[in-house]
Amino acid sequence: DHKTPIHDHGGEECWVKVISGQLEEVIYRMNENNKLTVLRTLVSKKNQVTYMKDFMGFHSLENTSGKRTMTLHLYAKPIRKCNVFDEDSKTFINKKMVYHTTPN
C-alpha cells in the first residue's frame, strides 16, 4: 500500500513497467487558481507500461494490489531534480536527486 508523493520528473521522460502486482497512477494538473486537480486515474497491471513527461502534468503511483508490487522505471536521462508536492504546505518543493552507482 505504498504511495509516492505527487511529483514531476525534472523535464525528463519516464516509463514505468509493472513487473508484478498492480499500480494506480493518478495524474494531476495545476488549475488557474494554483490548485492541483485530478485529470485521470489509470490502473496498470503486470507487463503494462505507463509514460509520463512534465507537459502531461504531475503524478503519483500507489500499490493497490494488496501485496508486493515490483516496477521498473526508465528515464530518458537521469533526473537531477524534481518537484515534489508537500501535503502540509500544499506547495511544491524542489528536490535534488541522488544516485548511487556500484562498480561492475
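Structure: see above.
This one's a predicted model, so the numbers in the text were calculated from it and none came from an experiment.

How each quantity is defined
- Residues numbered from 1 in each chain as written.
- Predicted model: local features only at pLDDT ≥ 70, side-chain atom pairs only at ≥ 80, totals over all residues.
- Heavy atoms only, no water.
- Pairing = 2+ DSSP bridges.
- Helix = DSSP H or I, 4+ residues; strand = E, 2+ residues; numbered from the N terminus.
- Axes fitted to C-alpha atoms, helices over the stretch in contact; angles between N-to-C directions.
- Phe/Tyr/Trp six-rings, centres within 6.5 Å; stacked < 30°, edge-to-face > 60°.
- Salt bridge = Lys/Arg side-chain N within 4 Å of Asp/Glu carboxyl O.

Q: Help me understand the sheet that holds strand S3 (residues 36-45) in this model?
A: Backbone hydrogen bonds are what pair the strands of a sheet, in a parallel or an antiparallel way. If you walk across this open sheet you meet the three strands as S3-S2-S5, and the pairing is antiparallel. Each edge of the sheet is formed by a strand with only one pairing partner; in this case those strands are S3 and strand S5 (58-63). Shown here is a sheet whose adjacent strand axes are inclined to one another by a mean of 20°, direction ignored. Relative to S5, strand S2 (residues 22-30) is paired through six bridges, and the arrangement is antiparallel. Opposite tyrosine 28, over in S5, you have phenylalanine 58 as the bridge partner.

Q: Help me understand the packing of aromatic side chains, please; the structure alone is not making it clear to me.
A: Enumeration according to the criterion identifies three aromatic pairs in this entry. Aromatic pair tryptophan 15 and tyrosine 51: ring centres 5.3 Å apart, planes at 55°, arrangement tilted. Taken together, the residues tryptophan 15 in strand S1 (residues 14-20) and tyrosine 51 in strand S4 (residues 49-52) connect sequence positions 36 residues apart. Note on phenylalanine 85 and phenylalanine 92: the rings are 5.2 Å apart at their centroids and 65° apart in plane angle, and the pair reads as edge-to-face.

Q: Just to check I follow, could you spell out the pattern of salt bridges for this structure?
A: Should the charged atoms of two oppositely charged side chains come close, the side chains can pair. The tally for this structure, following the rule as stated, stands at one salt bridge. Among the salt bridges present, the one from glutamate 87 reaches lysine 90, with a minimum N-O distance of 3.4 Å.

Q: Got a minute to help me understand the sheet that holds strand S6 (residues 70-75) in this structure?
A: The strand order S4-S1-S6 describes an open sheet built from three strands, whose pairing is antiparallel. Unpaired on one side and paired on the other, S4 and S6 mark the two borders of the sheet. Put simply, the sheet's adjacent strands are angled 20° from each other on average, direction ignored. Bridge analysis of S1 against S6 gives six bridges, and the strand direction is antiparallel.

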